Amino acid sequence: MEKEKRNDMSFSRKRSLTFGAFGGVDRFTYGNEMRPEPAEDNILDILDSPTSESKTFLSASSNQRDTELFEIIEKLQGSRINEQRCEFPLPLKSQLLTIGGELPLILPSKLGGYWIDPPLERVVDVSPTCSHFGFDPESYDIMERDGEARIYHEFFRSRYHHSFTAVDPSLGPLVLSVCLEEEENKLRVILRMRECSLHGVFSVSLFPNIPSAVELAKLLCDRVTISKFEVVSYLKAPDLITAFDEHRVSPNFKFGVLYQKDGQFTEEDILSNNDENEEFKEFLSILGETIQLQGFTGFRGGLDVCHGQTGSEAVFTSFRGREIMFHVATKLPFTECDPQQLQRKRHIGNDIVALVYQEGQTPFLSDVIKSHFLHCFLVIRRIQKETGEAAYQVSVTAREDVPPFGPVLPDPPIFKDHSLLREFLLTKLINAEISCYKAEQFSRLELRTRSSLLESLQTELSTRSQCMIGDPSLSALPTSEGARGVSEGSGGFIENFKRAIRVRSHSFETLGVPRKSGGGGSQKPKTEKDGESDKSPGPQSALSDSLGSADHKDQTSPQEET
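Model, not experiment: these values are computed from the prediction. (Residues numbered from 1 in each chain as written. Predicted model: local features only at pLDDT ≥ 70, side-chain atom pairs only at ≥ 80, totals over all residues. Heavy atoms only, no water.)

1. Re the overall build of the chain
This is how the line gets drawn: To qualify as a helix, a DSSP run of H or I must reach at least 4 residues; to qualify as a strand, a run of E must reach at least 2; elements of each kind are numbered from the N terminus. Should any heavy atoms of two residues lie within 4.5 Å, those residues are considered in contact.
Assigned secondary structure in the chain consists of 16 helices and 18 strands. Here the contacts in the chain between residues at least 6 apart in sequence split such that 65% fall between residues at least 24 apart.

2. Considerations on the sheet that holds strand 8 (residues 197-203)
Stated precisely, the cut-off is as follows: Two strands pair if DSSP finds at least two bridges between them. Orientation is described by lines fitted to C-alpha atoms, with helices fitted over the stretch in contact, and by angles between N-to-C directions that extend from 0 to 180 degrees.
Strand order in the open sheet formed by five strands is 8-7-6-5-9, with antiparallel pairing between adjacent strands. Among the strands making up the open sheet, the edge pair consists of strand 8 and strand 9 (230-231). As paired elements, strand 7 (residues 186-192) and strand 8 share seven bridges and run antiparallel to each other. Looking at the pairing, Leu 187 lines up with Phe 202 of strand 8. Across the sheet, helix 13 (residues 440-468) touches strand 5 (161-168), strand 6 (172-181), strand 7, strand 8 and strand 9, and the angle it forms with strand 6 is around 70°.

3. Details of the environment of Val 328
Here Val 328 lies in strand 13 (residues 322-328). With 44 residues separating them in the primary sequence, Val 328 and Leu 284 have C-alpha atoms 8.9 Å apart. Once you skip the residues sitting within four places of it in the chain, Val 328 turns out to touch Val 257, Glu 276, Phe 280, Leu 284 and Val 315.

4. Notes on the packing of aromatic side chains
Selection rule: Note on ring pairs: Phe, Tyr and Trp rings are taken, using the six-membered ring of Trp, and paired if centres are within 6.5 Å. Classes follow the plane angle, with under 30 degrees stacked, over 60 edge-to-face and the rest tilted. For the exposure calls, accessible area comes from a 1.4 Å probe over protein chains only, and a residue counts as buried if that area is under 20% of its type's maximum, exposed if over 50%, partly exposed in between.
Tallying each qualifying case throughout the model produces 16 aromatic pairs. Taking 5.7 Å as the distance between ring centres and 75° as the angle between the ring planes, the aromatic pair formed by Tyr 140 and Phe 424 counts as edge-to-face. With Tyr 140 in the loop between helix 5 (120-123) and helix 6 (151-156) and Phe 424 in helix 12 (residues 418-436), this residue pair connects regions lying 284 residues apart in the sequence. For Tyr 140, a relative accessible area of 2% gives the class buried. Look at Phe 424 and you get buried, because its relative accessible area is 0%. Linked through ring pairs, Tyr 259, Phe 280, Phe 283, Tyr 357 and Tyr 392 together constitute an aromatic cluster.

5. Let's talk about the pairing of strand 16 (residues 376-384)
Each regular strand shows side chains that alternate between the opposite faces of the sheet. Among the nine residues that make up strand 16, seven are buried, leaving the element largely enclosed by the rest of the structure. In this sheet, strand 16 lies alongside strand 14 (residues 353-358) in parallel orientation, the contact comprising six bridges. Looking at strand 16, one finds that Val 356 is bridged to Val 379. Where strand 16 meets strand 17 (residues 390-399), nine bridges bridge the pair, whose relative direction is antiparallel. Along strand 17, the bridge assignment pairs Ile 380 with Val 394. Counted along the chain from strand 16 to the antiparallel partner strand 17, the turn is five residues long, and its residue Gly 388 has a positive phi close to 90°.

Here's what the structure looks like:
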């Protein structure tokens, strides 16, 4: 049946439910462009017809051994369906471990839902005597979770700019920021919506006059249907907007570290390890420094640094301006009467990415650790070269809706140099977590969080702006700051703010912005020097009038510049 589906040449969408720690995953088939079959499907096809000559990626000498291996794995995993605990009969364990040759670091789940890198056909012939060249640690780039999150902080807060709010009937809350870059004669605009933020830069020469806020919003998104925006005049608006834009940006990461001994297949066995051999301690020293949790002042990753309830030690490191805390299973509290070791799993199970260090030749099963959050595992096995020198073999597995991420594994995926291994693993771990946020479960969660935060931002900016201009229809906000804002607004706060910002204004005359002879807010405030009113509009007032012409003709309150 599966092969018939793969041969279907018509454009179709098929839904297959993956029984894992969360929901289902959609798989797609597109006309004549068939998606490449994952390596585990190729392996299982070989099991159906071991003598097939069409599958040539495994050598003839290894076909029998690999067929035997996966037949055993099928039996092992077949016993797990509809079982709450994962227990393997000891005879099958022994049979698996007596198969000759190198075993892969990771084996796929019988139920699917995971990808493995490198694919299994590449792993089986890996030789520890091989070496790789041309991999420079400086080429290991760290992904940005939100590449445009800092645009407002970098380009707006150091310049005079305006922000606006509105509620669109179809798009919901909107927050718009507009900045004029005089030196480059450009307008820079950010439109924040529920789904995303849109950023654009427009040449002023494209417009006969500075366009209104509505026109700029429609340039970025043609789905905008509102006819006006409200001007933001709250003093602390830049702080609130920056906090929203950068709410997903964090310099801190936490990752789990599991210790898998030879012959251990189950979650209970892996989480019950307490002792650490010298090789494992050496590996931990590559990741970072073992620190005492008591009184630790760095990023603690949810660990207790006061009362010792999460153990006395942990592994911590700083890497390219980021702080990383490792939840090492063997260093977390062990509970004698708890086979599930919930004290350990409540930390590692809430991580998104985990490392698995293998002491022996026992493969790690992709779905052996049950968790709603864990989406990716980096598996490391220490191997001994013919010269007696130790090296580390690396493999990666992740849920199938996690996009691929760098750096690319070398071929073969073996590292001899500890510093190179450290650079690779830490970069890979950070990129893995950032890539996992694009998976279906986290994408839905992030969209819901962003929508809620944007609605709160729009409401607070609008309400506090009205309070500052002394709108009598608004009652004081429930907070003490809100009440203070009302009294300040009713006491002429905006006029005082205009006077303070006037000396920092830049001339727009080179842009050909016409001066207005009348209209509310077009006059400069009185100067402190002579107390006389200047009847010609100021340069920043001209920008305010232009942007707000379709919105608030009687109010041109400027945005704070920080």
